[in-house]
Every structure is written in structure tokens, then in C-alpha cells.
Amino acid sequence: MTIRFTKDHEYIRVDGSSAIVGITNFAQEQLGDIVFVELPALGKVLKQGDEAAVVESVKAASEIYCPASGTVAEVNTALSGDPSLINSDSEGAGWIFKLTLSAPAELDGLLDEAAYAGIAK
């Protein structure tokens, strides 16, 4: 399993042609208490960089951009009832959507953990 990061603080955890997308722990700390998540539609085709979801906190609303092109295969419906899952476990139970990748080579342009750690300060 490979994990990559965007400069906008999204992560993508890849296993074959499937990927899990969410926001990093750093991002959720910056946002504060998350109160609402607008999930993408199942089957929606996204290109890398497209707005995929919106996370609203007590501080601000923040767009979540798709780290790589693909089709939304699943959304985390648990977030509809408990958006604070992102605060408590952003890179685990607080994932936002799953993607079937259509252009895996795009992952090469994303940050690895060491490079992301350098900007998440």
C-alpha cells in the first residue's frame, strides 16, 4: 500500500487500482471541529485537482480536491452522522471517499511522507 499527499493536505492511500482519499491530521488540526461534510456522488468521474468534497468546520469551509483522476467508488456515509470522525481519526475511520484510479501515473507527481512532513508545519 502506498500513501501520497497533496500540497493542499489531502492524502491518497493506494492499493492496486483502488484508493482511499481524505484530509491529513495536519489539515483537520488547522480546521478545528468539523461539523459537516459534503460527500461526492457515487460514480462521479473526477480529474486530478477537481473539487471532490467540502468539509465545514467551526472556523471555515474547505474544499477537498481529488489527488488523482478516477471514479468515486464509495463514500464514507458515517461522516453524515458523525463528521467529527475526521477530527478523531482523519487517516483512519475519517476517510472521505474511495476512488477507482484511471491514471495511476499521476501519483508520481504527489508528495511522499518525507516531503509532506516538510510542508505540514
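Note: the structure precedes this text.
Treat the numbers as computed from the prediction; the structure is a model and nothing was measured. (Residues numbered from 1 in each chain as written. Predicted model: local features only at pLDDT ≥ 70, side-chain atom pairs only at ≥ 80, totals over all residues. Heavy atoms only, no water.)

**Observations regarding the overall build of the chain**
Put simply, the test is: Numbering of helices and strands starts at the N terminus; helices are DSSP runs of H or I of at least 4 residues and strands are runs of E of at least 2. Note on method: radius of gyration uses C-alpha positions; expected globular size equals 2.2 Å times residues raised to 0.38. To sort residues, take the accessible area from a 1.4 Å probe on protein chains only and compare it with the maximum for the residue type: under 20% means buried, over 50% means exposed, and anything in between is partly exposed. We call two residues contacting when some pair of their heavy atoms lies within 4.5 Å. Each accessible area is a Shrake-Rupley result for a 1.4 Å probe, and residues are judged covered by the shown protein chains and nothing else.
The number of helices and strands found in the chain is four helices and nine strands. Reading the chain from its N terminus to its C terminus gives the helix and strand order β-β-β-α-β-β-β-β-β-α-α-β-α. Scaling as 2.2 N^0.38, a compact globule of 121 residues should have a C-alpha radius of gyration of about 14 Å, and the chain matches this with 13 Å. For the chain, the C-alpha atoms occupy an extent of roughly 35 × 35 × 20 Å along the three principal directions. For the chain, buried positions account for 45% of its 121 residues. Restricting to contacts in the chain with at least 6 residues of sequence separation, those with at least 24 account for 60%. Accessible surface, the chain: about 5,900 Å² in total, of which carbon and sulfur atoms supply 49%.

**Some remarks on the nonpolar core**
The condition is simple: The definition of a nonpolar core used throughout is a set of buried Ala, Val, Leu, Ile, Met, Phe, Trp, Tyr and Cys residues joined through side-chain atoms within 4.5 Å.
Judged by nonpolar contacts, the single largest core of 27 residues is most densely connected at I12, I96 and F97. Counting residues per element, the ones that place at least two in this core are β2 (10-15), β3 (18-23), α1 (25-31), β4 (34-38), β6 (51-57), β8 (70-75), α3 (85-89) and β9 (97-101). Beyond its immediate sequence surroundings of up to four residues, I12 is in contact with T2, I3, R4, A19, I20, V21, P67, A68, L99, L101, L107 and L110. Formed by eight residues, the second largest nonpolar core is a distinct cluster that contains Y11, I20, L111 and Y116.

**Topic: unusual backbone geometry**
Even without glycine at this site, H9 takes up a positive phi of about 75 degrees. Position of H9 among the secondary structure elements: in the loop between β1 (2-5) and β2. What makes H9 buried here is its relative accessible area of 17%.

**Considerations on the packing of aromatic side chains**
To be explicit about the condition: Working definition: rings of Phe, Tyr and Trp (its six-membered ring) pair if their centres are within 6.5 Å, and the pair is stacked with planes under 30 degrees apart, edge-to-face with planes over 60 apart, and tilted otherwise. Here, over-ring charges are defined by two tests on the NZ atom of lysine or the CZ atom of arginine: distance to the ring centre within 6 Å, and angle to the ring normal within 35 degrees.
Summed over the entire model, instances satisfying the criterion amount to one aromatic pair. Between F5 and Y116, the aromatic rings sit 4.6 Å apart at their centres with planes inclined by 15 degrees, giving stacked as the arrangement. Highlighted residues: F5 in strand β1 and Y116 in helix α4 (residues 113-119), separated in sequence by 111 residues. The two residues F5 and Y116 agree in class, both being buried. The ring centre of W95 lies 5.0 Å from the NZ or CZ of K98, which sits over that ring.

**Some points on the pairing of β1**
Rules: A pair of strands is treated as paired once DSSP finds two or more bridges between them.
The alternating pattern of β1 places I3 and F5 on a buried face, while none of T2 and R4, on the opposite face, is buried. With four bridges joining them, β1 and β2 adopt antiparallel strand pairing. Each residue of the ladder has a partner; that of T2, found in β2, is V14. In textbook terms, the turn of a hairpin is the stretch between consecutive antiparallel strands, and for β1 and β2 this stretch comprises four residues, one of which, H9, has a positive phi near 75 degrees.

**Digging into the sheet that holds β3**
Taken together, six strands build an open sheet; the order of strands is β1-β2-β3-β9-β8-β5 and the sheet is antiparallel. Of all the strands in the sheet, just β1 and β5 (45-46) have a single pairing partner and so form its edges. Across four bridges, β3 lies against β9 in antiparallel orientation. Looking at the pairing, A19 lines up with L99 of β9.

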